[in-house]
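Spelled out from the first residue to the last, the chains are:
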Amino acid sequence: MIPRTPEPELMNEPQQVQAYAAADFESSDQALVECIDQLLLDSGRRFVPGDCLVDLGCGPGNISERLARHWPTCAVVGVDAASQMIETAESSRRRAGMARERLRYVLAPLPWHGLQSQATLIVSNSLLHHLHDPQKLWSCLRPLAGDQCLVLHRDLRRPSTAMAVDQLCERYVADAPEVLQRDYRASLQAAFTVEEVKAQLRDAQLDHLQVRELEDRYLEISGWIAGCQSGLDQPSA
Ligand SMILES: C[S@@+](CC[C@H](N)C(=O)[O-])C[C@H]1O[C@@H](n2cnc3c(N)ncnc32)[C@H](O)[C@@H]1O
């Protein structure tokens, strides 16, 4: 197994932000929303008007905006510590004519506890591998969560060999702009393995969450948690 090589946490270089915001993540972003739908269906629960959906490490807001469209009566909050990303997300929200009550962005680093005990969904995509200390993410969850909160975190997983890194780069970003090729390689090398994530969740006492490998390059963490204020002793499975 190749060792983990962390990359810079924040994506704040203008060229990097532009290239990332212009990239087409349509199918993987849609798959994330469909996965949330499926998890709700499996649990027999649904979001109700006024529910609060949180997108951590929201970047240019592609997923936050999609959540706001899919659940128009919920309030979506995107959080990111890169000012360039939040500015890009805000511009996109304005262009889409979406009111701040439905979608707002917060410039803040993780761990973020800005919405105590209110979240019904906490999602992140491609965030975990950026964190030098992954507990910055896991320690956010219970303080943000309401009584019953769905969590879904998707990220790359680290390939076991340098050759596998080369193969994934060749397969998925060979034709992408140079800055995206560079970032993709760095992200694969900075990503965690399923076993590492399971150990992080044990440390955070969140090991009832499910961790699974997805396709040839992703991992996914999902499940339900009870927030700090819920009064429930056990997290709901
Ligand atoms: C690869 S982007 C993913 C953006 C978006 N979630 C998506 O899937 O398109 C990762 C984002 O996480 C943000 N990020 C990384 N570390 C962070 C931290 N410690 N606090 C807040 N945001 C962070 C970066 O600035 C960047 O915008």
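Residues numbered from 1 in each chain as written. Predicted model: local features only at pLDDT ≥ 70, side-chain atom pairs only at ≥ 80, totals over all residues. Heavy atoms only, no water.

## Concerning the confidence of the model for the chain
- Per-residue confidence for the chain gives a mean pLDDT of 95; residues scoring 70 or more make up 97%.
- The low-confidence segment residues 233–237 (pLDDT under 50) makes twelve contacts with residues lying over four places distant or belonging to another chain. (pLDDT = per-residue confidence, 0-100. Contact = heavy atoms within 4.5 Å.)

## Notes on the site of the ligand
- Taken together, the neighbourhood of the ligand is formed by 21 residues, with Glu9, Gly57, Asp80, Leu110 and Asn125 sitting nearest.
- A distance of 3.0 Å separates an oxygen atom of the ligand from a polar atom in the side chain of asparagine 62.
- Contact between the ligand and asparagine 125: an oxygen atom at 2.8 Å from a side-chain N or O atom of the residue.
- Relative to its unbound accessible area of 600 Å², the ligand is 98% covered by the protein chains.
- Tallied by class, the residues present in the shell around the ligand amount to 13 nonpolar, six polar and two charged. (Near = heavy atom within 4 Å. Polar contact = N/O pair within 3.5 Å; in protein donor to acceptor, adjacent residues only side chain to side chain. Areas by Shrake-Rupley, 256 points an atom, 1.4 Å probe, with all protein chains shown as cover. Nonpolar A, V, L, I, M, F, W, Y, C, P; charged D, E, K, R; others polar.)

## Observations concerning the packing of helix 2 (residues 26–43) against helix 3 (residues 62–70)
- At a minimum axis distance of 10 Å, the contact between helix 2 and helix 3 shows a crossing angle of 45 degrees. Put simply, helix 2 runs oblique to helix 3. Our pair here, helix 2 against helix 3, has a crossing hand that is right-handed. Contacts from Glu26, Asp29, Gln30, Leu32, Val33, Ile36 and Asp37 in helix 2 reach Asn62, Ile63, Arg66, Leu67 and His70 in helix 3. (Axes fitted to C-alpha atoms, helices over the stretch in contact; angles between N-to-C directions. Helix = DSSP H or I, 4+ residues; strand = E, 2+ residues; numbered from the N terminus. Parallel < 35°, antiparallel > 145°, perpendicular 65-115°, else oblique. Left-handed = near helix turned anticlockwise from the far one by under 90°.)

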